[in-house]
Amino acid sequence: MREEFEVAVVGAGPAGISAALALAEKGIKVIVFERGEFPGAKNVSGGVLYGHDLGESVPDFIRRECPVERNIVESRVWYLSVDGGFNVSFRDRAFEEGLSFNAFTVGRARFDRWFAGIAEEKGALVVCGTTVTDLLRDDGGRVTGVRTDRSDGDVTARVVLIADGINSALAAKTGFRPEPKPNDVALAVKEVIELPEEVINERFNVEAGHGVTIEILGEITKGMDGVAVIYTNKNSLSLCIGANLFDLMSNTVRPYEMLEEFKAHPMVAPLIKSGRPREYMAHWLAEGGYDTIPHLYGDGYLIAGESGMLFNALHREGSNMAMASGRLAALTIAGALARGDTGSEGLAGYAAALQASYVMKDLKKYRRFNRFLLNHKELFSTLPRLGASAAREMLTVDGISKKEKQTSIRRRIQGAIPLARLARLLWAGARSIG
Amino acid sequence: MNFVCCIKQVPDTAEVKIDPETNTLMRSGVESISNPYDLVALETALILKDKYGGWVTALSMGPPQAEQVLKEAISLGADAAVLLSDRAFAGADTLATSYTLYKAIRNLDLDRPVDIVLCGKQAIDGDTAQVGPGIATRLGFTQFTSVIEIRELNTYDRHITVKRRVEGGFEVVRGPLPTVITVDLGLARPRRASLPGLILSLRAVIDKWDADAVGAEVPKIGLKGSPTWVRRIFSPPLKEGGPVFDARKDPVPAVERFLDTIVADEELISELFKNPGV
Ligand SMILES: Cc1cc2nc3c(=O)[nH]c(=O)nc-3n(C[C@H](O)[C@H](O)[C@H](O)COP(=O)(O)OP(=O)(O)OC[C@H]3O[C@@H](n4cnc5c(N)ncnc54)[C@H](O)[C@@H]3O)c2cc1C
Ligand SMILES: Cc1cc2nc3c(=O)[nH]c(=O)nc-3n(C[C@H](O)[C@H](O)[C@H](O)COP(=O)(O)OP(=O)(O)OC[C@H]3O[C@@H](n4cnc5c(N)ncnc54)[C@H](O)[C@@H]3O)c2cc1C
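Along every chain, residues carry numbers that run from 1 in the direction the sequence is written. Each chain takes a letter, starting from A, and each ligand takes a number, starting from 1, following the order in which they are written. For a predicted model such as this one, the threshold for reporting local features is a pLDDT of at least 70, and the threshold for listing and counting side-chain atom pairs is 80 or more; totals across whole chains, interfaces and linings nevertheless cover every residue. Think of the side-chain values as coming from all heavy atoms in the structure, minus any hydrogens and water.

A. Up close: the sheet that holds strand β1 (residues 2-6) of chain B. Residue and element names in this part refer to chain B. Taken in spatial order, the nine strands make up an open sheet running β9-β8-β7-β10-β6-β1-β4-β5-β11, and their pairing is mixed. In this open sheet, the two strands that pair with only one neighbour each are β9 (169-176) and β11 (207-209). Within the sheet, the average angular offset between the axes of one strand and its neighbour, ignoring direction, is 35°. In this scheme, strands are said to pair when DSSP sees at least two bridges between them. A helix here means a DSSP run of H or I that spans at least four residues, while a strand means a run of E at least two residues long, and both kinds are numbered starting from the N terminus. Pairing of β1 with strand β6 (residues 116-120), which is carried by three bridges, proceeds in the parallel orientation. Geometry is summarised by axes, namely lines fitted to C-alpha atoms with helices restricted to the contacting stretch, and by angles between N-to-C directions that run from 0 to 180 degrees.

Laid out in structure tokens, this is it:
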């Protein structure tokens, strides 16, 4: 009665689907389980995807009508105080021409569905509306399949790929991934605000089809370690703000209050003016980085994507790491099946392949970044405030000489933060990303 | 027993937008689901099949995407499914719809005589409740509408006894097979597909019949066969709210007035007494 598959994948996100697609292309019998009514139904609605990683799975993704919202041609970084802030941005013609679709926005509900459709075309079986509740194991503890919440709901598989995202109940239940500590995850809230396409083009100074991302740090997270982002979709904006869970808990700030204040910020309000809120949601993000990554394989199983804490918090890159790890998992599995060894040793190549890829290299490079932010709260309070007051003062024309202004600014900085601390902060910051 | 179950794909929302230019429903961008009444009809067929043995065929008329509702039917346990899909069917009103479904059921009947056709009482988008009776009339079968309980199915004497909802109450009636029944929501609670059922449905290839395969006469199908035309679609004016009994100051007279009011409502009282479960 119980059907046998070569591979069972838990989760139809970017990690699970890219793995299933690669496996199906090799003619491997693979089944994917997704608890949402369709792939993407449960996913945070919008985000930036990267053409490189998607191209590895679907080289002709544009021709195959990937549901792109906007091709990103400009990236902005904002550092905000309560009443204003700094803006650095970069735009290049290359992102419109040769490098187009280097990064682009998608609605995840549509994208995940499209991506899963391609995997299905290649022969993967994608079963939605079905939650994997446990893994099947033999007496030796080796994973032999999955149990789902449907009747007659077990299937056996030679290898199970766990790709169920950050909120992995399965990882917690099996103990394969320790429950992340509040320090190592962020809670983000997100709102999608509808605006006419032309209004977005004008407000962001872009041509039709082109878009902008804004990444934002500063006082908007009320002294907590966190970031906000604004992404342009075709006819909506995704606004997202999040902070470290530990900070949120100790400050008892409600995330939606943070979002409301963010929306009222003088640099944000004009961008969203007269927009219509369409959806709102909250989601976890893996922020702990390299040192929180669990052991990613064992007898009969592998872990890919954010379920394995593979997320680059500094660059907000998660979907690409999910896709890359999913693909590498698939390659490892294919090799293991061919050799007939799907035990821990047979699957060990996965860890090596990840280490050799940009995924682990980047995560290692930024391994201290999360701690750095957590340990330097002035980044989200004193510093943006001082910076803003200095800039305000220098730009105010009031008959006071610039020299006098500089002296008073220097004094104010020294009063607010000891210079030695400031120097250490800069040093630690440079090291954490160096 | 040979069962045929008619399932319509409907938009998954109570607030379907209406195109002001053409006065037709704007269906794009809205998720589609199986008409909830029809899932009750299917569940009923599956329960009867489990009890008396037989074969359940799911039948739907609609665009190619309507295949989805038939896959769902397979996942739940239907043995076969047929999609009636042809541009020529488009724009059908209840007359053309019931004609087309009737022709298809006749085809199935030639293969294997049909005993019971099950329909939803109504579709949640069209809401006319005309298609079931339309099919019954054309087939020359007995019909029971708004059925909320199947009391007895006698496969030897070939008759069925059902309880049905009528204006102000219920009635229990018996009649011979073959029959068409249209079901109300209370009749059964649709099951959740088993995993093997769901997997089977994902792999299933659904039979498609065009107008030729159905054997339909062209003037009777689609827009051509639809004498109904929509003059105007409008939103009905908002109904006034019901009576309010303000119990903030003095609850006793408020409760008394409330009791007087519901006792005066015969329909409500008869519901309460005849069907204590409601
Ligand atoms: C607000 C926010 C904004 C983000 N923006 C970006 C961005 O701009 N760019 C970027 O690259 N990344 C972004 N990320 C991160 C990115 O969303 C994730 O890193 C990425 O989705 C991880 O992919 P995944 O396949 O590992 O997991 P997911 O995409 O989370 O997919 C896991 C899937 O598994 C399913 N599932 C879970 N448990 C079960 C179960 N037991 N049974 C069956 N199915 C199950 C879930 O429903 C889900 O569909 C953002 C994240 C958040 C929260
Ligand atoms: C005034 C009016 C305007 C309309 N406008 C439009 C329009 O703009 N666009 C449009 O597409 N349609 C339109 N229709 C809808 C179309 O005519 C009906 O949906 C169709 O004829 C079925 O009628 P019903 O939905 O009322 O079904 P009902 O008679 O309420 O359905 C009863 C049962 O019949 C069965 N059934 C009904 N239809 C099907 C089917 N297609 N396949 C399988 N079983 C079925 C189901 O079991 C269902 O539960 C309109 C109908 C009316 C009356």
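B. Just the domain arrangement of chain B, in detail. Domain annotation of chain B identifies domain 1 (2-220) and domain 2 (242-278). Note that domain bounds follow an automatic or database assignment of domains. Computed over C-alpha atoms, the centres of domain 1 of chain B and domain 2 of chain B are 38 Å apart.

C. Structural context of the site of ligand 2. Residues and elements named next belong to chain B. If you check the shell around ligand 2, you find 28 residues, and the closest are Cys6, Lys8, Asp38, Ala123 and Thr128. Side-chain atoms alone can form a polar contact between residues adjacent in sequence; in general such a contact is a pair of N or O atoms within 3.5 Å, and within protein one must be able to donate a hydrogen while the other accepts it. Interatomic distance of 3.1 Å between a backbone N/O atom of Asp93 and an oxygen atom of ligand 2. One of the backbone nitrogen or oxygen atoms of Gly120 is found 2.9 Å away from an oxygen atom of ligand 2. Surface exposure here means Shrake-Rupley accessible area, sampled with a 1.4 Å probe, where a residue is shielded only by the protein chains that are shown. Contact with the protein chains removes 83% of the 940 Å² of surface that ligand 2 exposes when unbound. For the shell around ligand 2, the elements supplying multiple residues, two or more each, are β4 (55-61), α3 (94-111) and β6. Three categories are distinguished: nonpolar for Ala, Val, Leu, Ile, Met, Phe, Trp, Tyr, Cys and Pro, charged for Asp, Glu, Lys and Arg, and polar for the others, with Gly belonging to the last. A breakdown of the residues in the shell around ligand 2 according to their chemical character gives twelve nonpolar, ten polar and six charged. Proximity is defined per residue: if any heavy atom of the residue lies within 4 Å of a molecule or strand, that residue is considered near it.

D. How the structure looks around the pattern of salt bridges. By convention in these notes, a salt bridge is any Lys or Arg side-chain nitrogen within 4 Å of a carboxyl oxygen on Asp or Glu. Evaluation of the coordinates by the stated rule reveals 44 salt bridges over all chains. One salt bridge in this structure joins A:Arg113 and B:Glu31, with 3.2 Å as the shortest N-O distance. Taken as a pair, A:Arg113 in helix α3 (residues 108-121) and B:Glu31 in the loop between β2 (9-11) and β3 (32-34) lie in two separate chains rather than in one. Categorising residues by exposure relies on relative accessible area from a 1.4 Å probe, with only protein chains included: less than 20% of the type maximum marks a residue as buried, more than 50% marks it as exposed, and the intermediate range marks it as partly exposed. On the accessibility criterion, A:Arg113 (38% relative accessible area) is partly exposed.

E. Summary view of the interface of chain A and chain B. Residues are treated as being in contact if the distance between any of their heavy atoms lies within 4.5 Å. Between chain A and chain B, the residue contacts involve 22 residues of the former and ten residues of the latter. In total, chain A and chain B occlude about 1,100 Å² of area from one another, counting both sides; carbon and sulfur atoms represent 57% of this. The tally of links from chain A across to chain B stands at three salt bridges. As a salt-bridge pair, B:Arg192 and A:Asp149 come within 3.3 Å of each other at their nearest N and O atoms. Connecting chain A to chain B are six residue pairs in polar contact (both at pLDDT 80 or more). Those elements that provide at least two residues to the side of chain A that touches chain B are β2 (30-33), β7 (125-127) and β10 (154-162) of chain A. Per-element tally for the side of chain A that touches chain B: the top contributor is β7(A), with three residues. The residue inventory of the side of chain A that touches chain B, partitioned by class, reads ten nonpolar, five polar and seven charged. When two parts are put together, the accessible area they lose, computed with a 1.4 Å probe and summed over both, is reported as buried area.

F. Highlighting the nonpolar core. Definition of nonpolar core: a set of buried residues of the types Ala, Val, Leu, Ile, Met, Phe, Trp, Tyr and Cys, connected through side-chain atoms within 4.5 Å. Grouped together as the largest cluster of nonpolar side chains are 126 residues, with contacts concentrated most on A:Leu54, A:Ile230 and A:Phe262. With sequence-adjacent residues up to four places away left out, A:Ile230 is seen in contact with A:Trp78, A:Phe204, A:Val212, A:Thr213, A:Ile214, A:Ile216, A:Ser238, A:Leu239, A:Phe262, A:Val268 and A:Leu271. Membership of the second largest hydrophobic core comes to 37 residues, among which are B:Met1, B:Ala66, B:Ile74 and B:Ile116.

G. Local environment of the pairing of β9(B). Residues and elements named next belong to chain B. Pairing of strand β8 (residues 159-166) with β9 involves eight bridges; the strand directions are antiparallel. Within β9, the position partnered with Arg165 by the bridge is Phe170. Following β8, the chain reverses through two residues before pairing antiparallel with β9; Gly168 in that reversal takes a positive phi of roughly 80°.

H. A look at the site of ligand 1. Residue and element names in this part refer to chain A. Taken together, 36 residues sit near ligand 1, with Glu34, Val48, Arg108, Glu306 and Ser319 positioned nearest. Here Glu306 contributes a side-chain N or O atom positioned 2.7 Å from an oxygen atom of ligand 1. Taking 1,000 Å² as the accessible area of ligand 1 by itself, protein coverage stands at 95%. Breaking the shell around ligand 1 down by element, the ones donating at least two residues are α1 (14-25), β3 (46-50), β15 (276-286) and α9 (319-339). Residue classes in the shell around ligand 1 are distributed as 17 nonpolar, eleven polar and eight charged. Both domain 1 (4-67 + 107-179 + 291-356) and domain 2 (183-286) contribute no fewer than three residues apiece to the shell around ligand 1.

I. Spatial organisation of the domain arrangement of chain A. All names here are of chain A. When cut into domains, chain A gives domain 1 (4-67 + 107-179 + 291-356), domain 2 (183-286) and domain 3 (370-433). On a C-alpha basis, the centroid separation for the pair domain 2 and domain 3 is 25 Å. Each side of the interface is counted separately: domain 2 has 13 residues, and domain 3 has ten residues. Both sides together, the interface formed by domain 2 and domain 3 hides about 840 Å², and carbon and sulfur atoms give 51% of it. Among the residues domain 2 hides against domain 3, the three largest losses belong to Glu219, Gly223 and Asp225. Together they make up 54% of the total. Where domain 2 packs against domain 3, one counts three salt bridges. Ionic pairing is found between Arg371 and Asp184, a salt bridge with its closest N-O pair at 3.5 Å. Counting every contact that joins domain 2 to domain 3 gives three residue pairs in polar contact (both at pLDDT 80 or more).

J. Focus on the side chain of A:Asn233. For A:Asn233, the position within the fold is in the loop between β13 (226-232) and β14 (236-244). The residues touching A:Asn233, leaving out its near neighbours within four places in the chain, are A:Glu69, A:Arg70, A:Thr105, A:Ile200 and A:Ser238.

K. The arrangement of the state of the cysteines in detail. Cysteine sulfur atoms are paired as a disulfide whenever they fall within 2.5 Å. If you walk through the whole model with that rule in mind, you get zero disulfides over all chains. Cysteine B:Cys119 is unpaired, with the sulfur of B:Cys6 as its nearest cysteine sulfur at 3.9 Å.

L. How the structure looks around the confidence of the model for chain B. The pLDDT averaged across chain B works out to 89; a share of 90% of its residues lies at or above 70. This prediction of the complex comes with two scores: 0.88 for pTM and 0.87 for ipTM. For every residue, the pLDDT score states the predictor's confidence, bounded by 0 at the bottom and 100 at the top.

M. Structural detail: unusual backbone geometry. Residue B:Leu177 is joined to B:Pro178 through a cis peptide bond whose omega torsion reads -5°. By the element assignment, B:Pro178 lies in the loop between β9 and β10 (179-183). At A:Thr252, a position not held by glycine, the phi torsion is positive, near 45°. In this structure, A:Arg316 is a non-glycine residue whose phi angle is positive, near 55°.

N. View of the packing of helix α1 (residues 36-52) of chain B against helix α2 (residues 67-76) of chain B. Residue and element names in this part refer to chain B. The geometry of α1 relative to α2 is characterised by a closest axis approach of 11 Å and an angle of 30° between their N-to-C directions. In terms of orientation, α1 and α2 fall into the roughly parallel class. Classified by chirality, the crossing of α2 by α1 is right-handed. Contacts from Leu39, Leu42 and Leu46 of α1 reach α2 at Glu72, Ala73 and Leu76. Of the residues in the contact of α1 with α2, the class split is five nonpolar, no polar and one charged. Convention used here: angles under 35 degrees read as roughly parallel, angles over 145 as roughly antiparallel, angles from 65 to 115 as roughly perpendicular, and any remaining angle as oblique. In this scheme the crossing of two helices becomes right-handed for a clockwise turn of the near helix relative to the far one and left-handed for an anticlockwise turn of less than a right angle.

O. Representation of the packing of helix α13 (residues 382-395) of chain A against helix α14 (residues 402-416) of chain A within the structure. Residues and elements named next belong to chain A. Here α13 crosses α14 at 170°, and the two axes come no closer than 10 Å. Our classification of the angle between α13 and α14 gives roughly antiparallel. Of α14, the residues touching α13 (which contributes Thr382, Leu386, Ser389, Ala390, Glu393 and Met394) are Lys402, Lys405, Gln406, Ser408, Ile409, Arg412, Ile413 and Ala416.

P. Molecular detail of the packing of aromatic side chains. Residue and element names in this part refer to chain A. Between 30 and 60 degrees the pair is tilted, below 30 it is stacked and above 60 it is edge-to-face, where a pair is any two Phe, Tyr or Trp rings, Trp via its six-membered ring, whose centres lie within 6.5 Å. Following the criterion strictly, the structure yields eleven aromatic pairs over all chains and no others. Ring geometry for Trp114 against Phe115: centres 6.3 Å apart, planes inclined by 15°, an arrangement best described as stacked. Side by side, Trp114 and Phe115 carry an identical accessibility label, which is buried. Each member of the aromatic cluster is reached from another via a ring pair, and the members are Phe61, Phe101 and Phe104. Placement of a positive charge over a ring is assigned whenever Lys NZ or Arg CZ falls within 6 Å of the ring centre and within 35 degrees of the normal to the ring plane. Above the ring of Phe38, the side-chain terminus of Arg113 is found at 3.9 Å from the ring centroid.

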